[in-house]
Amino acid sequence: MTLRLTKKRQQILDVLKSADEALTAAEIHAALPELDLSTIYRSLDAFVSEKLIKKIHLDDTEARFEHQAEPHHHAIC
């Protein structure tokens, strides 16, 4: 599948690229309140499928998403 990079998807990707940490969909929505939360979730799923971003489960809370310029791991203490 080739992912079309729409204006909305580009905005979401830009937020992830500029973030200092992994973000939840709600945090991305707070940065882009003009986008529907469902659009953000669909875009994040598409990005994960295309391996453009990583989906991270650090504990039992909401999944977090991040763009990794260089691959790295997360440890839970």
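Residues numbered from 1 in each chain as written. Predicted model: local features only at pLDDT ≥ 70, side-chain atom pairs only at ≥ 80, totals over all residues. Heavy atoms only, no water.

A. Helix H1 (residues 7–18), seen in detail. Compared with an ideal rise of 1.5 Å per residue, which puts 12 residues at 16 Å, H1 spans 16 Å between its outermost C-alpha atoms and is within 8% of the ideal. For H1, the full list of buried residues reads Ile12, Leu13, Val15 and Leu16. End-on view of H1: buried residues confined to an arc of 155 degrees, all on one side of the axis. Residues of H1 that are exposed and point over 90 degrees away from its buried face: Lys7 and Ser18. Close packing links the buried residues of H1 with helix H2 (25–31), helix H3 (37–49) and strand E2 (64–66). (Helix = DSSP H or I, 4+ residues; strand = E, 2+ residues; numbered from the N terminus. Expected span 1.5 Å × (residues − 1). Buried < 20%, exposed > 50% of the residue type's maximum accessible area, 1.4 Å probe, protein only. Arc of directions from axis to C-beta. Contact = heavy atoms within 4.5 Å.)

B. Quick look at the nonpolar core. Formed by 17 residues in total, the largest nonpolar core has its most connected members in Ile12, Leu16, Ile28, Ile40, Leu44 and Ile53. Counting residues per element, the ones that place at least two in this core are H1, H2 and H3. For Leu44, the contacting residues outside a window of four places in its chain are Ile12, Leu16, Ala25, Ile28, Ile53 and Phe65. (Core = buried A, V, L, I, M, F, W, Y, C linked by side-chain atoms within 4.5 Å.)

C. A look at the confidence of the model for the protein chain. Within the protein chain, residue pLDDT values average 88, and 87% of them lie at 70 or more. At the level of individual helices and strands, the protein chain shows its lowest average pLDDT in strand E1 (residues 54–56), which scores 94, and its highest in H2, which scores 98. (pLDDT = per-residue confidence, 0-100.)

D. Seen up close, H3. Between its first and last C-alpha atoms H3 spans 18 Å; for 13 residues at 1.5 Å apiece the expected length is 18 Å, and the two agree. For H3, the full list of buried residues reads Thr39, Ile40, Ser43, Leu44, Ala46 and Phe47. Looking down the long axis of H3, one finds its buried residues gathered within 165 degrees of arc, a one-sided arrangement. Turned more than 90 degrees off the buried face of H3, the exposed positions are Arg42 and Ser49. The secondary structure elements touched by the buried residues of H3 are H1, H2 and E2. In the segment just after H3, Lys51 is the residue with positive phi, at about 60 degrees.

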